[in-house]
Every structure is written in C-alpha cells, then in structure tokens.
Amino acid sequence: MDTIAAFEDAETGKVIGPTFDAFLPLLSSNRNAFLSTRKATFQYGRTPRHMMDIYYPDPALMPAKHDAPVLFFFYGGGLSTGERTFAPPYDVLYSNLGWYFTQKGIVTIVSDYRLVPQVQFPSSAEDVYKAVRWAIDNREHIVNAGGPDVQYKFNFEGIFLMAHGSGVLHLSTALMLPGLLTGDHETRDRIAGAVFVAGTYGVKGLSQTDVVAGILAQYWGTYEALVKNSPQALLESAAKDLLAALPEILIVEGEREPDWMVVGTREFQKRLAERRKKKELVVVVDVNKVELPEVELRTVTRMVAKGHNHISVQLSPGSGQGEEWVEAVIKWMKNVLDNRLYIIF
C-alpha cells in the first residue's frame, strides 16, 4: 500500500498500469485459492453478456444454522470494457472478490452486463435490474447448483448490491430510474443495502471538453442527455416515494480519486442526505488502525479508504494489503442485517 499511496497522479489512466503491477504478484500468489472457490455460472438473459458467476462459501467453513448473506457485484470498466472473468494472469480479478467474501460466509454474485457501443442508456442499468430479479426468481436453482453438501440457507430477503466505478453509475441508475429496482416491489423489498465504491455520478467538476465527458456521453448518446439522465440528475428529480424506497446506502471512495470524481461523489452524498433528510457522515478507514470504525445506519455515509486510489480498492481483497475497507463494509452489512426484519428462504 505504500507503493500505491506514493503515486503522485490520481488520474485513472495514469495509475491503472502501475497499480496492477503492484497488486498482481500479491494476487497471483493466491490464484489457486481464488480459482478453486466453489462456483456456478448462469445465463440471466438472451445475450453472451447476460452471464453471472455465483461464488459459494465452503460448507465446512459455515457455522451451524448460519444464514449466508447474498451480495451482487457489478464491476466498472469505463462503460465500454469489463468482464466477470479474464484470461491469465488477470484471472485473479473478481475471483479475488468472490473468494474473499465467501471466506466471510457471503454468497457472491459477479454479473456481466452489456457495454458501449453495443448499447446506450438505460440498457446497462436494465441489465443490473434483470440480473437481480433473475437471481431472486431462480434462487432455488442457485442454491442447488452449489452442490448437495450446501445445507446452509441463503438470505434472499436481505440482499446487498455493490458496484465499482462505472458499475456504480449503472447500479445507482437502476435504483433511481422509475420502473427498475425500486419500482418492482418483489425485488425492492428484498434489497437490504447498496455499496457504491469509487463511483461515477455525473458531470459535476468535469469540463464538457474533457475526454471523460466524451466517453460518458457515448452511453447517453449526447452530452445533453448525459446531463439530464445522470445518477445525479435522477436523484434531483426522484419522487419522494422512490427516495423513501431506497435501501441503506454506503458510499466508498479511495483517498486518491481523480478530482472530478471527488467533487461528484461529495455532491451526490450531500444531495442524497438532503433529499432523504438524513445526516451526512464521513468515516476514514486507516490501514494503521486495528479497530474498524462504526458506520451508522440511517445516515448517508461516505467511507474513505486511506491510501487507496480508484483502481486499488478492487484489487486489494485477497492480496493481504489494504483490505481494511472491505472489512468495514462487511461490518456495515452485518449491522444492516441485524437491524432488519427478514424471512430466510
């Protein structure tokens, strides 16, 4: 983590290579463990981009009568790239997340979705919704695919949704665009919480002439459509009943995110707190502290992962370096479930 924290530039294009170079040897040392995690693959839609991998906790590691939380993860990739599985040596990416969370007793679902230029707004957000709904509707098939020795129960009544980077753009859109996650009571009522990691929310702090603005506009079709339908804009226009239906939300950012992302994240947190009439809270997760900070519910909390950049947060689980932010997220998830009434299927 000292290597990552020493990078002078925070722009994603300049840190992605060095960050992978720093973490790949650490993750590769655990490749066998990652790739041997119990896993099943399903197709939730009609195209090859409608695929999901289910990672199952080892039954031998599950406490008796323990109910396994279910976590969906939607990766980033700048809208036009991203895969749930990669060829070696990058096959450690996302399998590290699947392994890490299953080690904590959490069923983890890593889902693909359609990308630019094949689709435009709101297709990728619709895929997020479809993936979650499909898994809920087919939960018995998912449980059975884990094998006959999977005797623990899956908590599909208190699921969590997590995304990174541009995946946050799609997840937050799916939560705030009418007719998707919060518009479907069967799905909405099962969502306990959402975790937005190093997310993209809009164009606040970003010049219209910036290359990133141009990339974002490809998904919406025009810059004007981007401004009108970004997650930040959807938040501003959301009806009160939709806002009331949102789950608990935890915002995570690396300490060294690009400036425009920092501006956008803080504006999103501020307006989400104001519109939901909740208190804003900032929590710093420091790699040098043994005790993890408490994260309050019924707040809009922004967790700062000290020493991390935009890329390193997703590479840290399973590396043995900078994993504290993930432990804090898991602690928050447990707190959410402890304060939620649910039925176990």
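Scroll up to find the structure.
Quick notes on the rules
- Residues numbered from 1 in each chain as written.
- Predicted model: local features only at pLDDT ≥ 70, side-chain atom pairs only at ≥ 80, totals over all residues.
- Heavy atoms only, no water.
- Helix = DSSP H or I, 4+ residues; strand = E, 2+ residues; numbered from the N terminus.
- Rg over C-alpha atoms; globule rule 2.2 N^0.38 Å.
- Buried < 20%, exposed > 50% of the residue type's maximum accessible area, 1.4 Å probe, protein only.
- Areas by Shrake-Rupley, 256 points an atom, 1.4 Å probe, with all protein chains shown as cover.
- Lys, Arg positive; Asp, Glu negative; His and termini not counted.
- Charge placed at Lys NZ, Arg CZ, Asp CG, Glu CD.
- 1 Å grid on protein atoms, 1.4 Å probe; cavity = no way out; pocket = protein on both sides within 12 Å on 5 of 7 lines; lining within 4 Å.
- Points joined across faces, edges and corners; volume = space filled by probe spheres on them.
- Polar contact = N/O pair within 3.5 Å; in protein donor to acceptor, adjacent residues only side chain to side chain.
- Contact = heavy atoms within 4.5 Å.

**Observations concerning the overall build of the chain**
Then, number 1: Per the secondary structure count, the chain includes 15 helices and nine strands.
Then, number 2: Whereas a compact globule of 345 residues would reach a radius of gyration of roughly 20 Å, the chain reaches 19 Å, a difference of no more than 12%.
Then, number 3: The buried share among the 345 residues of the chain stands at 60%.
Then, number 4: As displayed, the chain offers around 14,300 Å² of accessible surface, 52% of which is attributable to carbon and sulfur atoms.
Then, number 5: Looking at charge distribution, the chain has the averaged site of its 35 positive side-chain charges lying 5 Å from that of its 40 negative ones.

**Side note on the layout of surface pockets**
Then, number 1: Of the pockets and cavities examined, the largest pocket occupies roughly 740 Å³.
Then, number 2: Lining the largest pocket are 31 residues, with Thr12, Ile16, Gly77, Gly78 and His310 positioned closest to its centre.
Then, number 3: Those elements giving two or more residues to the lining of the largest pocket turn out to be helix 2 (12-28), helix 9 (211-220) and helix 13 (259-276).
Then, number 4: Size it by volume and the second largest pocket reaches roughly 290 Å³.
Then, number 5: Along its surface, the second largest pocket is lined by 15 residues, and His66, Pro69, Met333, Lys334 and Leu337 are the ones closest to its centre.

**Points about the side chain of Arg84**
Then, number 1: If you trace the backbone, Arg84 turns up in the loop between strand 3 (67-74) and helix 4 (95-103).
Then, number 2: Within the structure, the side chain of Arg84 is placed 3.1 Å from the side chain of Asp53, a separation counted as a polar contact.
Then, number 3: At a separation of 2.7 Å, a polar atom in the side chain of Arg84 contacts the side chain of Asp112.
Then, number 4: Contact partners of Arg84, with chain neighbours within four places excluded, come to Thr41, Met51, Met52, Asp53, Tyr75, Leu93, Tyr94, Val110 and Asp112.

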